[in-house]
Amino acid sequence: MKTVDMKCRANSATMRTSLVRALSFSAALALALNPAVAADYRPVAPAAMDGQINARFLSLGVGKSIVIDLPRDIKDVLVADPKIANAVVRSAQRAYIIGAAVGQTNIVFFDSAGQQIAAYDIAVKRDLNGVRAALKQVLPNADIQIDGLGDGIVLTGTAANPMEAQQANDLAARLAGGPEKVVNSIVVRGRDQIMLKVTVAEVQRSIIKQLGIDLTANLNYGTSVVSFSNSNPFTALGKNLVDSNNLTTKFGAAPSVQATLRAMETAGVIRTLAEPNLTAISGESATFIAGGEFPVPAGYACDPTTHVCTTQISFKKFGISLNFTPVVLSEGKISLRVMTEVSELSNENAITLSQAVTSNSVNSLTVPSIRTRRAETSLEIPSGGAMAMAGLIQQQTKQAISGLPGLMQLPILGTLFRSRDFVNNATELVVIVTPYVVRAVAPKDLSRPDDGFAPPADPQAQLIGNINRLYGVPGRTEPAKSYRGTYGFITD
């Protein structure tokens, strides 16, 4: 019986093997005759592996949502971090993904067989639609992109000028909660260069009149002698200009009277003109200084060993200076921060320091004062336009009368006992600024003050008295211009 069972089992196995071979041969024949059937027999990768590899990336704003439509019915949802984002299933094949907080997470959907339908990598960022709308409204012509980075903001793109880039940065900083949360990577397309021309023009007029009579009399009465002397100072100007312009007359022999007439009238005018020019890139500062320094005593330093004292010297600056920072706001409109100064040495308020060297010699040092005209302001002006940034009209009148009390009040004779000092100073000052948006040019298009200058030969200098041989470049055709008055840089 056992032998029969073994044979039956062997026959059954043989029959199954033949059946499998027959089926395999039939399948191969069917695939060869009908290739369309091959699609049903191709190996298909598991859904979980396919979905994990092709996970989609989604970017959401905080409080924003997105609708997801899936190809099969949803049975289960896996949310890695519900605090960052959440998924709500409203129907068998539709889900809503909602951003809750700034961060990153992933969401995976499964069907009833446990196979993965789809997977999503979720990045929840700050909602920037409001910032984008504000930037579009404020800067409609700017090409600026805004993106979130954690709880911060990244600005990219290009701006026409630094002012647009700064406005975008300020707006993003206000909406993001602070400038430390903004990364500004905006590139300025073209940085304009601005040349600033400043004109400082000043005219000072002064009139000084001094008139006085000094009387000296000697009267003898027997053995008694009475002397009378009346010398009146000039106090309005602070100094006497008529010491060397006197007219003296004596009357009588024994009782003598001497009268000295002191009179002086002066008129002066001072003209100051400075035109510093300076070029700088938009948004950068530039400084121009043309002047010098003069020494001023700052005190004495004594050596405790040798007891020798030396004078310490410090230096004060004077001259013409210009400092400005331009910013191009829009096409042809410039914002300027300007500081200009014109200073010069003056003897009006000078002081004289004296130091005794020996018992018979004294060293004196005169320290001059500085007259300064300074203006500093901020303004907006178009390219090529001029504006008076500062101006001054000042008129100062001083008058003083000195004399002998009582007698100086007499209507006509009082002139003999008094002196009159009259000072009138008038100043007119204006500072004009003119900015230009400039471009670089070829060197041949620029001229220098020394173009065409050549020193004279010895016979020319000795016999004719010329100090230069040539003014103007040979071969250059200068445009016809109508000048009035003296012009040019070199004077014969």
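Residues numbered from 1 in each chain as written. Predicted model: local features only at pLDDT ≥ 70, side-chain atom pairs only at ≥ 80, totals over all residues. Heavy atoms only, no water.

K.L.:
Could you give me a rundown of the overall build of the chain, with the residues and numbers involved?
P.N.:
The number of helices and strands found in the chain is six helices and 22 strands. Expressed as a percentage of the 492 residues in the chain, the buried residues total 26%. Put simply, 62% of the contacts in the chain that link residues at least 6 apart link residues at least 24 apart. (Helix = DSSP H or I, 4+ residues; strand = E, 2+ residues; numbered from the N terminus. Buried < 20%, exposed > 50% of the residue type's maximum accessible area, 1.4 Å probe, protein only. Contact = heavy atoms within 4.5 Å.)

K.L.:
Break down the packing of helix α4 (residues 129-138) against helix α5 (residues 162-176) for me, citing the residues and quoting the values.
P.N.:
Taken N-terminus to C-terminus, the directions of α4 and α5 make an angle of 150°; their axes are 10 Å apart at the nearest point. Overall, the two elements α4 and α5 adopt an arrangement that is roughly antiparallel. Considering the relative orientation of α4 and α5, their crossing is right-handed. Contacts between α4 and α5 involve V131, A134, L135 and V138 from the former and Q167, A168, L171 and L175 from the latter. (Axes fitted to C-alpha atoms, helices over the stretch in contact; angles between N-to-C directions. Parallel < 35°, antiparallel > 145°, perpendicular 65-115°, else oblique. Left-handed = near helix turned anticlockwise from the far one by under 90°.)

K.L.:
Lay out the pairing of strand β8 (residues 143-149) with the relevant residues and their values.
P.N.:
Burial along β8 is one-sided: I144, I146 and G148 are buried, and none of D143, Q145, D147 and L149, which face the opposite way, are. Sheet topology note: the β8/strand β9 (residues 152-159) ladder contains seven bridges and is antiparallel. Within β9, the position partnered with Q145 by the bridge is T156. (Pairing = 2+ DSSP bridges.)

K.L.:
A description of the sheet that holds strand β3 (residues 76-79) should follow, citing residues and the corresponding values.
P.N.:
In space, the four strands of this open sheet follow the order β1-β7-β6-β3, with mixed pairing throughout. The outermost strands of the open sheet, each flanked by one partner alone, are β1 (56-61) and β3. Going from strand to strand, the sheet's axes swing by 25° on average, the running direction of each strand aside.

K.L.:
Go over the confidence of the model for the chain with me, naming the residues and quoting the values.
P.N.:
Mean pLDDT over the chain stands at 77; residues scoring 70 or higher make up 80%. Note on residues 1-52: pLDDT under 50 across the span, and 11 contacts to partners over four residues away in sequence or across chains. (pLDDT = per-residue confidence, 0-100.)

K.L.:
Please set out the nonpolar core residue by residue, giving values where relevant.
P.N.:
Membership of the largest hydrophobic core comes to 22 residues, with the highest contact counts inside it found for L196, F324, L336 and V338. Of all the secondary-structure elements, those providing two or more residues to this core are β12 (193-221), β16 (277-281), β18 (309-330), β19 (333-356), β20 (362-382) and β22 (418-438). Filtering out sequence-adjacent residues up to four positions away, L336 remains in contact with L196, F324, T325, P326, T377, S378, L379, I381 and P435. Listed in part, the 19 residues of the second largest apolar core include L139, A165, A173 and I186. (Core = buried A, V, L, I, M, F, W, Y, C linked by side-chain atoms within 4.5 Å.)

K.L.:
Provide a residue-level description of the sheet that holds strand β5 (residues 94-99), including the pertinent values.
P.N.:
Ordered by their spatial adjacency, three strands build an open sheet running β2-β5-β4, and the pairing between neighbours is antiparallel. Looking along the sheet, the strands with just one partner apiece sit at the ends: β2 (65-69) and β4 (85-91). Each strand of the sheet is rotated relative to its neighbour by a mean of 25°, with strand direction disregarded. Here six bridges tie β4 to β5, and the two strands are oriented antiparallel to one another. In the strand pairing of β5, S91 is matched with R94.

K.L.:
Residue-level account of the side chain of T427, with values.
P.N.:
Residue position: T427 is located in strand β22. Classification of T427 as buried rests on a relative accessible area of 12%. Sequence-distant contacts of T427, that is, excluding residues within four places in its chain, are made with E202, V203, Q204, L392, I393 and Q394.

K.L.:
Help me get a handle on a nonpolar patch on the surface, residues and values and all.
P.N.:
On the surface, a nonpolar cluster with roughly 310 Å² of combined accessible area is contributed by L407, L410, L413 and L416. For L413, a relative accessible area of 53% translates into the label exposed. (Patch = residues over 30% accessible without salt bridge, like charges linked within 9 Å, V, L, I, M, F, W, Y side chains within 5 Å. Areas by Shrake-Rupley, 256 points an atom, 1.4 Å probe, with all protein chains shown as cover. Salt bridge = Lys/Arg side-chain N within 4 Å of Asp/Glu carboxyl O.)

K.L.:
Account for the side chain of D421, naming residues and giving values.
P.N.:
Looking at the element boundaries, D421 is found in strand β22. Put simply, D421 is tucked away with no salt bridge, and the nearest opposite charge, on R420, sits 8.1 Å away. Here the side chain of D421 touches Q210 through a polar contact of 3.4 Å, side chain to side chain. Sequence-distant contacts of D421, that is, excluding residues within four places in its chain, are made with K209, Q210, F234, T235, A236, L237, K398, Q399 and A400. (Lys, Arg positive; Asp, Glu negative; His and termini not counted. Polar contact = N/O pair within 3.5 Å; in protein donor to acceptor, adjacent residues only side chain to side chain.)

K.L.:
Describe the pattern of salt bridges, listing the residues and the values that go with them.
P.N.:
Any two side chains of opposite charge can pair, on the condition that their charged atoms come close. In total, this model carries 12 salt bridges according to the counting rule given. Put simply, R373 and E344 hold a salt bridge, and the shortest N to O gap is 3.7 Å. Separated by 29 residues along the polypeptide, R373 in strand β20 and E344 in strand β19 bring together distant segments of the chain.

K.L.:
Residue-level account of α4, with values.
P.N.:
Every buried residue of α4 is accounted for by V131, A134 and L135. Summarising the axial view, the buried residues of α4 lie within an arc of 100°, below the 170-degree limit, and thus occupy one face. Residues of α4 that are exposed and angled more than 90 degrees away from the buried face: K136 and Q137. (Arc of directions from axis to C-beta.)

K.L.:
Explain the packing of aromatic side chains to me, using residue names and the numbers behind them.
P.N.:
Remark: the centre distance and the inter-plane angle together describe each pair of aromatic rings, the angle taken between the planes. Enumeration over the complete set of coordinates arrives at two aromatic pairs. When the ring of F109 is compared with that of Y120, the centres are 6.2 Å apart and the planes differ by 80°; the resulting orientation is edge-to-face. Residue F109 is found in strand β6 (residues 103-110), and its partner Y120 is found in strand β7 (residues 116-125); the two are separated by 11 residues along the sequence. Judged by its relative accessible area of 4%, Y120 is buried. Summarising the aromatic geometry, the rings of F294 and F318 are spaced 6.1 Å apart at their centres and angled 55° between planes, so their arrangement reads as tilted. Taken together, the residues F294 in strand β17 (residues 286-302) and F318 in strand β18 connect sequence positions 24 residues apart. Overall, F318 belongs to the partly exposed group, its relative accessible area being 25%. (Phe/Tyr/Trp six-rings, centres within 6.5 Å; stacked < 30°, edge-to-face > 60°.)

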